[in-house]
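# An overview of the molecular structure
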Amino acid sequence: MIEVGGDGRIWLLSGPTSSYALMLTERDELLHLHWGPRIALADAEALAVQPEPAASGFESPLDGREEYPVEGGPRFVRPALSVRTPEVRGTEWRFAQAVQDDGVLKLGFTDDVHGLRITLRYAMRGDVVERDVELVHEGEGPAVEILRADSAAWTLPERDAWRLTQLHGRWAAESRIEQVPLAYGEHVIGSRRGHTGHQYLPWVALDADGAGEEQGEVYSCALGWSGAWRIAVQKLPRGLVQLTGGTGHDDSGQVLLAPGRSWRTPVFAGLWSDGGFGGASRAWHAYQMEHVIPDADRVRPVLFNSWEATGFDISAPQQLELARRAAEMGVELFVVDDAWFGARVGDRAGLGDWAPNPDRFPGGLKPLADDVHALGMQFGIWVEPEMVNADSDLYRSHPDWVQHHPGRTRTEFRHQLVLNLAREDVQEYLWEQLHTLLSSAPIDYVKWDFNRCFTDAGWPGEAYPQKLWNEHVHAFYRLLDRLRATHPGVAFESCSGGGGRIDLGVLSRTDQVWTSDNTDPLDRLGIQHGFTHVHPARVMAAWVTDSPNVQLNGRVSSLRFRFVSAMAGVLGVGGDLAAWTRQELDEARSWVALYKEIRDTVQLGELHRLRAPRGGLSAVQYVRGDEVVVLAWLQAQRYGEPVARVRLHGIAADASYELLGTDEVHRGSVLLHHGLRTGLKGDFDAGVYRFRRVRP
Ligand code: DGJ
C-alpha cells in the first residue's frame, strides 16, 4: 500500500508489519523519514516536521538523511550516484514527478546540465522494499559517464550502537555467519571478480539491541546482481548509519550513457523485521518464493550427480550403470556432470566445444537420455558456457573472443579463460550451441557452472571496454532467459564452483543453486545454517556423497548423518554408487523414500533454525499447515552428559501433535517450552522427526 501526504511531498509504503516513509523538501531534497514498524501517514507527517540538530560548518545537514545521496553539493558521504561529462562532474537535480504504477512508486528527477532523468523506484513486496534506479540520457549533449549508480541507499534509525552480520566464505566454505560491532567509518563487502563470489552473499543485516534468533529488530538488505558488486555500510560522524549497494566494486560498474540511452540498476531489497534473525529469514524466504524464484511452488526432484563419483573419467555405459543404481534408490533426476563434451577428458581441454565427445557418447547424448527416461528419471547435464580452454576448437578459431588486454598475459585459472560475453558474436555462438544441445536430446535440467573469476577484463578495439563488467551479466541473464523461454521444460541450476553465484538476480531465473562444493555433511550444516539466513530450502541443493569424504577432508560419517544433513534442502546423491554395498543402497532407498514424504514440508514450509551447529546438537524445523518436520544432528556427545532437548518453534501451544511412526502424542506447549527428547547419542548421530497436528 502506498499513501501520499504532506501536500503530495510525503510517501508512505506499508507492508503487513512494516512501513517505509520518505519526503521531498521545498529544495527538492529527498529525505528519509522512517523504516521500521508499521506507522500511519500522520506519523510520517509528524516525523517530517521534527527539527534536525544544527550541523557545524564542517558537517553536511544532508549527510545520513537522504534517500539517494548524489555526488556534488553539500555532501561528504559515499555517493550513491556519481556521474560526469568531460566538463561537469556530479548531479544537481530538480524534482519532476511522482507516479504510482501497479504498486510501484516512481520518483522522477532531472539534471538539466547533463540532460539526465533519474527515477527512483520503490515497491513493497510483503515487508520487503524493492528499490532500483533508472537513468535516461534525455539530452543532446555529450555522453554521460556513470561512474557509480547504486541501486539504493538505506538509512537506519538512530541507535546507540549497531552490530553487523554478514555471510562470508571462500570456495568450499561459503555462507558462514560473522557478527561484528559496527565501527565508525565504512565497512565494505563485495566482489571484484565478475561473479557474485564465494566470499560474501550479497546480503548484510544490522541490529542494535542484541537481536537473537527469534527476537529483536533486524534490518537486512540483499542485492540482486550476479557480477561484481559492492555494499558499503557507513557509520557517519554523528552515529547515523547508511548502506549503499549496487553493481561494480571499484570502477567495474561504469556505464557510458549516450543520448537516448538508459541504464537500470538491479534491485537492492531491504527488510525490517522484529522477529529476530529467524523472523527475518522467513520473511526473505516468503518474498523469494512469491516474487523471485520461478515456479517456486513446484518441489524439486531428488537428483543424482556424477561429479564426485566419476569426475572426468566418464563413459556412457558407466553412467548408465550409475543411473540404474540411482533409479533403484528412488532418484528422480540423473545428471551427468563435467566431461561429456569436446576433448574434455581433464580440465585442460574442451571447454567451449559443446558437442558430445564422440568417443564417450558415439550416438550423442540422446541414447543415454532415453535410457535414463526409460528408468523413470529425468536427464540433466552440466555446462560452463562462459568459459573456454585454450586447448579447444573454439579458442583456436576465435582467440579474440576472450577477455584480454593487448600485449598482456592471458591469465588462466583451472586452465581456462573467460569469454567476452559482452560481444554479440559470442552471445550468438553460445545461444546456437546451447539451443542445439537442448534440442538434440530430451534434456530436462542444466547445471550451469562458472569456475573462475575475471582477471584480464579487457576488450581490444572497443572504445569503452569497462562496460564489459555489467554487460557480461546482462548477456548471461538474457541467454538464460532466452533458453528458458525456448525450452520451458528445462530446469536450471546456478553453480559457480559451488556457491559462487548465488543472489536474487540469478535466483529469479534459475530453479535451484549448488550451495557449495563442500559435501562433507558436518561442514555443510554450518554452510546451510548461514545460507538459510537469506535463501529458502527450496533452492538449497545438497548431496549425499561418500565416506570418507572425497572432495575435501576425508571425514568419516554415517550414511544416516549424511542423508539427514542433505535432507535439509533439495536432496541429491553424489556418491560413487558403483562402490556402495547392497546394504548401503538399501538404506539409501529408505532415506530417499522418507525424504519424499517430508519434501513438501521441507521445500515449501516455514523454516525455523532451532539450534545452530556449534559442535553439539543442532536442529532445523519446517512447518507447513499441520505438518511439522524436525531434523536434528548430534556432532558429539561429551562427558556422558544427556543430550539437550530440542525446543520447537512456530507451532500452536494449545494443539497436540502426533509423532509419526510412533504412538506418541505431544502437547504443543510442551514441545515449545520444554522440548523434544531426540534420543540421539554418541557422535555423528542424526534423526528425522515428523509431527502432524491432531485435529479434534
Ligand atoms: C565445479 C562444481 O561446483 C562441481 O560440482 C562440478 O560441477 C565441477 N565444477 C565440474 O568441473
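Remember, it's a predicted structure, so these values are computed and weren't measured experimentally. (Residues numbered from 1 in each chain as written. Predicted model: local features only at pLDDT ≥ 70, side-chain atom pairs only at ≥ 80, totals over all residues. Heavy atoms only, no water.)

### Concerning the overall build of the chain
Operational definition: Under the scheme used here, helices are H or I runs from DSSP no shorter than 4 residues and strands are E runs no shorter than 2 residues, and both carry numbers assigned from the N terminus. Atoms counted for the radius of gyration: C-alpha only. Globule rule: 2.2 Å times the number of residues to the power 0.38. For the exposure calls, accessible area comes from a 1.4 Å probe over protein chains only, and a residue counts as buried if that area is under 20% of its type's maximum, exposed if over 50%, partly exposed in between.
In terms of regular secondary structure, the chain is built from 13 helices and 37 strands. For 696 residues, the compact-globule estimate of 2.2 N^0.38 gives 26 Å, and the C-alpha radius of gyration of the chain, at 26 Å, lies within 12% of that figure. Along the three orthogonal principal directions, the C-alpha set of the chain runs to about 75 × 70 × 45 Å. Within the chain, the proportion of its 696 residues that are buried is 60%.

### Here we look at the side chain of serine 496
We apply this condition: We call two residues in contact when some of their heavy atoms are within 4.5 Å.
Note on placement: serine 496 falls in the loop between strand S28 (491–494) and helix H9 (504–507). Among all residues touching serine 496, those that are not within four sequence positions of it are His195, His198, Asp449, Phe450, Asn451 and Arg501.

### Some remarks on the side chain of serine 557
Structurally, serine 557 can be placed in the loop between strand S30 (540–544) and helix H11 (559–566). If near-sequence neighbours (up to four positions away) are discounted, serine 557 is found in contact with Pro521, Ser547, Arg562 and Phe684.

### Remarks on the environment of glycine 616
The topology assignment puts glycine 616 in the loop between strand S32 (606–611) and strand S33 (617–624). Look at glycine 616 and you get partly exposed, because its relative accessible area is 27%. Setting aside residues no more than four positions away along its own chain, glycine 616 makes contact with Trp633, Leu634, Gln635 and Ala636.

### Some words on the domain arrangement of the chain
Put simply, the test is: Per the annotation, domain bounds derive from an automatic or database assignment of domains. Note on terms: buried area is the combined drop in 1.4 Å-probe accessible area of two parts once they are placed together, counting the loss on both. Any carboxyl oxygen of Asp or Glu that lies within 4 Å of a side-chain nitrogen of Lys or Arg is treated as forming a salt bridge with it. Under this definition, polar contacts are N or O atom pairs within 3.5 Å; protein pairs additionally need one hydrogen-donor-capable and one acceptor-capable atom, and for neighbouring residues in sequence, both atoms have to be side-chain atoms. We call Asp, Glu, Lys and Arg charged. Ala, Val, Leu, Ile, Met, Phe, Trp, Tyr, Cys and Pro are nonpolar, and the rest, Gly among them, are polar.
In terms of domain boundaries, the chain breaks down into domain 1 (68–291), domain 2 (303–517) and domain 3 (617–694). The C-alpha-based centres of domain 1 and domain 2 are spaced at 31 Å. Opposite the 31 residues of domain 1 that make contact, domain 2 presents 27 residues. On the domain 1 side of the contact with domain 2, His195, Trp225 and Ser226 bury the most area, a combined 24% of that side's loss. Where domain 1 meets domain 2, there are zero salt bridges. The tally of links between domain 1 and domain 2 comes to 18 residue pairs in polar contact (both at pLDDT 80 or more). Residue assignment for the side of domain 1 that touches domain 2 shows that the elements contributing at least two residues are strand S15 (200–207), strand S16 (218–223), strand S19 (255–257) and helix H2 (276–292). Looking at the side of domain 1 that touches domain 2 residue by residue, the class counts come to 14 nonpolar, 13 polar and four charged.

### Side note on the state of the cysteines
Using the following cut-off: The definition used for a disulfide is geometric: two cysteine sulfur atoms within 2.5 Å.
Scanning all chains against the criterion turns up zero disulfides. Its sulfur unpaired, cysteine 495 is 13 Å from the next cysteine sulfur, which belongs to cysteine 453.

### A few points about the packing of aromatic side chains
Cut-off, in case you're wondering: Any two of the Phe, Tyr and Trp rings considered here, Trp counted by its six-membered ring, make a pair once their centres fall within 6.5 Å; the pair's planes then place it as stacked at under 30 degrees, edge-to-face at over 60, or tilted in between.
With the rule as written, the count across this model stands at 27 aromatic pairs. Centre to centre, the rings of tryptophan 340 and tryptophan 354 are 6.1 Å apart; their planes meet at 45 degrees, and the pair counts as tilted. A residue pair is termed long-range when its members are at least 10 positions apart, and tryptophan 340 in the loop between strand S23 (333–336) and helix H5 (366–374) and tryptophan 354 in the loop between S23 and H5 qualify at 14 residues. This pair shows no difference in class: tryptophan 340 is buried, exactly as tryptophan 354 is. Ring geometry for phenylalanine 476 and tyrosine 477: centres 5.7 Å apart, planes at 40 degrees, overall tilted.

### Things to note about the pairing of S16
The test is simple: Whether two strands pair comes down to DSSP finding at least two bridges between them.
Of all six residues making up S16, six are buried, and the element is well covered by its neighbours. A two-sided burial pattern is seen for S16, the buried positions comprising Val218, Ser220 and Ala222 on one face and Tyr219, Cys221 and Leu223 on the other. Pairing between S15 and S16: four bridges, direction antiparallel. Looking at S16, one finds that leucine 206 is bridged to tyrosine 219.

### Points about the packing of H11 against helix H12 (residues 582–604)
Our working definition: In this analysis an axis means a line fitted to C-alpha atoms, helices contributing only their contacting stretch, and an angle means the value between N-to-C directions, from 0 to 180 degrees. Comment on the angle field: the value is read as roughly parallel under 35 degrees, roughly antiparallel over 145, roughly perpendicular from 65 to 115, and oblique elsewhere. Here is the rule for handedness: rotate from the far helix to the near one, and if that takes an anticlockwise turn smaller than a right angle the crossing is left-handed, while a clockwise turn gives right-handed.
For the pair H11 and H12, the least separation of the axes is 11 Å and the interaxial angle reads 30 degrees. What the angle tells us is that H11 and H12 run roughly parallel. Where H11 crosses over H12, the two elements pack in a sense that is right-handed. Of the residues in H12, those in contact with Leu559, Arg560, Phe563 and Val564 of H11 are Glu584, Glu587, Ala588, Trp591 and Val592. Broken down by class, the residue content of the contact of H11 with H12 amounts to six nonpolar, no polar and three charged.

### Things to note about the UniProt feature "domain: Glycosyl hydrolase family 36 C-terminal" (unreviewed entry) in the chain
We count it as follows: UniProt positions are given in the numbering used here, feature names are shortened, and annotations may be inferred rather than shown by experiment.
Those residues carrying the UniProt feature "domain: Glycosyl hydrolase family 36 C-terminal" (unreviewed entry) are residues 618–691 in this numbering. Secondary structure within residues 618–691 divides into 8% helix and 45% strand; the distance between the first and last C-alpha atoms comes to 18 Å.

### Observations concerning the nonpolar core
The following threshold applies: Side-chain atoms within 4.5 Å are what join buried Ala, Val, Leu, Ile, Met, Phe, Trp, Tyr and Cys residues into a set we call a nonpolar core.
Leu30, Tyr122, Trp340, Phe563 and Leu631 are the most contacted members of the largest nonpolar core, which totals 187 residues. Tallying contributions element by element places helix H8 (residues 468–486) first for this core, with nine residues. In this structure leucine 30 touches Trp11, Leu22, Met23, Leu24, Arg65, Glu66, Glu67, Trp93, Leu107, Phe109, Leu120 and Tyr122, once residues within four positions along its chain are discounted.

### Points about H2
Worth spelling out the cut-off: Expected helix span is given by 1.5 Å per residue-to-residue step, counting one fewer step than there are residues.
In this model H2 runs 23 Å from its N-terminal to its C-terminal C-alpha over 17 residues, within 8% of the 24 Å that 1.5 Å per residue would give. Most of H2 sits inside the fold, with twelve of its 17 residues counted as buried.

### Quick word on the UniProt feature "domain: Glycosyl hydrolase family 36 N-terminal" (unreviewed entry) in the chain
Those places that UniProt annotates as "domain: Glycosyl hydrolase family 36 N-terminal" (unreviewed entry) correspond, in this numbering, to residues 29–257. Taken end to end, residues 29–257 is 3% helix and 47% strand, and its first and last C-alpha atoms sit 24 Å apart.

### A few points about the site of the ligand
Rule in force here: Working definition: residue near molecule or strand if any one of its non-hydrogen atoms lies within 4 Å of it.
The environment of the ligand is made up of 14 residues, and the closest members are Asp337, Asp338, Lys447, Asp449 and Asp517. The side chain of lysine 447 places a nitrogen or oxygen atom 2.7 Å from an oxygen atom of the ligand. Taking asparagine 451, its side chain carries an N or O atom lying 3.4 Å from a nitrogen atom of the ligand.

### Examining the environment of aspartate 523
For aspartate 523, the position within the fold is in helix H10 (residues 521–531). On the basis of relative accessible area, aspartate 523 is assigned to the partly exposed category, the value being 29%. Between the alpha carbons of aspartate 523 and valine 556 there is a distance of 12 Å; along the sequence they are 33 residues apart.

### Considerations on unusual backbone geometry
In this structure, the amide linkage connecting serine 547 to the following residue, proline 548, adopts the cis form with an omega of -5 degrees. Here proline 548 shows up in the loop between S30 and H11. Positioned with a positive phi, histidine 415 is a non-glycine residue whose angle comes to about 60 degrees. Take histidine 415: its relative accessible area is 25%, and that puts it in the partly exposed class. Even without a glycine there, the phi angle at tyrosine 639 is positive, about 55 degrees. Structurally, tyrosine 639 is set in the loop between strand S34 (627–636) and strand S35 (656–659). On the accessibility criterion, tyrosine 639 (69% relative accessible area) is exposed.

### Section: the pattern of salt bridges
Counted under the stated rule, the structure contains 45 salt bridges. A salt bridge links aspartate 250 to arginine 192, with the shortest nitrogen-to-oxygen separation between them at 2.7 Å. Of this pair, aspartate 250 sits in the loop between strand S18 (241–247) and S19 while arginine 192 is found in the loop between strand S14 (185–191) and S15, placing the two residues 58 residues apart along the sequence. Under the relative-accessibility criterion, aspartate 250 is labelled partly exposed at 43%. Exposure remark for arginine 192: the relative accessible area of 51% places this residue in the exposed category. Note that aspartate 370 and lysine 366 form a salt bridge whose closest N and O atoms lie 2.7 Å from each other. Remark: lysine 366 and aspartate 370 occur in helix H5; sequence separation between them is four residues, near one turn of the helix. Overall, the relative accessible area of 39% leaves lysine 366 in the partly exposed class.

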